Amino acid sequence: MPVVVGLLGGRKDVVSRVEGDFSCTFEVQRAIPVLKDAYGGNMKNVLHVGPESCSVVSKLLREGEAEAWGVEPYDIEDDDRNCKALVQKGIVRVADIKFPLPYRAKSFSHVIVSDALDYLSPKYLNKTLPELARVSADSIVIFTGYPGQRRAKVTQLSKFGRPAKMRSSSWWKQFFTETSLEQNEDAMKKFEQAASKMSFSPTCQIFHLSSNH
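Residues numbered from 1 in each chain as written. Predicted model: local features only at pLDDT ≥ 70, side-chain atom pairs only at ≥ 80, totals over all residues. Heavy atoms only, no water.

1. Observations regarding the packing of aromatic side chains
Moving on, step 1. Across all of its chains, the model carries nine aromatic pairs by this definition.
Moving on, step 2. Where W172 meets F175, the ring centres are 6.5 Å apart and the plane angle is 85°; that geometry is what we call edge-to-face. Of the two residues, W172 and F175 both sit in helix α7 (residues 169–178), three residues apart, roughly one turn of that helix. Residues W172 and F175 agree in their burial class; the two are buried.
Moving on, step 3. One aromatic cluster in this structure is built from W171, W172, F175, F176 and F207. (Phe/Tyr/Trp six-rings, centres within 6.5 Å; stacked < 30°, edge-to-face > 60°. Helix = DSSP H or I, 4+ residues; strand = E, 2+ residues; numbered from the N terminus. Buried < 20%, exposed > 50% of the residue type's maximum accessible area, 1.4 Å probe, protein only.)

In structure tokens:
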């Protein structure tokens, strides 16, 4: 497993919330212990998809219990040395998630996605969600905002090409049904139990989907 020296700091989470910028990726970092408790030993190698992926990958690698990779949906910031190092090592890739992911089928036990699907229209979601299922062997975990929550800063909007569109839980569930993706009820219950045990109260919507292979 690659060793990553230097981790992205957590202060950005505080700054972002003060400025009104909402991020589910920071929620993913907080949720990692809960996810590990819910999925147990099955969570062997994880792919995180979304902005700030380097921070999630760094946290997973630091804890050393699971291998981790990431996909950044847009170019990393020029001054992000830690992230550049991960990209140079091939641990994190910069790739447009509207197109096929650069991995073989079932490359990862779990795929976690945050702050990325909110920027895709249904046209591209129809392509991206099946891709997430293709490269995952076990489960897909989606972190997404609630309607009314503010999302990326103006500087990020140009990178995604469109503003975030927050969708309701019922919208997502209907979309999962239409794309033949089933919610993983067992994982959902275990996650809720672990969250209660660890006093983890999510501020994002979290969906657990089966890979359906």
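There's plenty left to go through after this.
2. Some points on the state of the cysteines
Covalent bonding between the sulfur atoms of two cysteines is what defines a disulfide.
Moving on, step 1. Going through the model one piece at a time under the given rule, you end up with two disulfides.
Moving on, step 2. There is a disulfide in this structure between C24 and C204, and the S-S distance comes to 2.1 Å. Taking the torsion about the S-S bond as the criterion, the C24 to C204 disulfide, at about -110°, is left-handed. In this pair, C24 sits in the loop between α1 (11–19) and α2 (25–39) while C204 sits in the loop between α8 (185–197) and β6 (205–210), placing the two residues 180 residues apart along the sequence. A single burial state applies to C24 and to C204, both of which are buried.
Moving on, step 3. One disulfide bridge connects C54 with C83, the sulfur atoms lying 1.9 Å from each other. On the sign convention where negative is left-handed, the bridge of C54 and C83, at about 60° about the S-S bond, is right-handed. (Disulfide = S-S within 2.5 Å.)

3. Structural notes on the confidence of the model for the protein chain
Moving on, step 1. Here the protein chain averages 82 in pLDDT, while 81% of its residues score no lower than 70.
Moving on, step 2. Contacts from residues 1–20, a stretch scored under 50 in pLDDT, to residues over four places away or in other chains number 32 contacts.
Moving on, step 3. This stretch, residues 152–158, has a pLDDT under 50; its non-local contacts, to residues over four places away or in other chains, come to ten contacts. (pLDDT = per-residue confidence, 0-100. Contact = heavy atoms within 4.5 Å.)

4. Some points on the pairing of strand β1 (residues 45–49)
In summary, the side chains of a regular strand alternate between the two faces of the sheet.
Moving on, step 1. Of all five residues in β1, five are buried; the element is thus mostly enclosed.
Moving on, step 2. Of the two faces of β1, the one lined by N45, L47 and V49 and the one lined by V46 and H48 are each fully buried.
Moving on, step 3. Looking at chain direction, β1 and strand β4 (residues 108–114) are connected through four bridges and run parallel. Along β4, the bridge assignment pairs H48 with I112. (Pairing = 2+ DSSP bridges.)

5. What to know about the sheet that holds strand β3 (residues 92–94)
Moving on, step 1. The sheet built from six strands is open, its strands ordered β3-β2-β1-β4-β5-β6 with mixed pairing. At either end of the open sheet lies a strand with only one pairing partner, and these are β3 and β6. Adjacent strand axes in the sheet meet at a mean angle of 15° when their direction is disregarded.
Moving on, step 2. Two elements, strand β2 (residues 67–72) and β3, share three bridges in a ladder whose sense is parallel. Bridge pairing links E72 to V94 in β3.
Moving on, step 3. Along the sheet, α2 makes contact with β1, β4, β5 (136–144) and β6, crossing β5 at roughly 140°. (Axes fitted to C-alpha atoms, helices over the stretch in contact; angles between N-to-C directions.)

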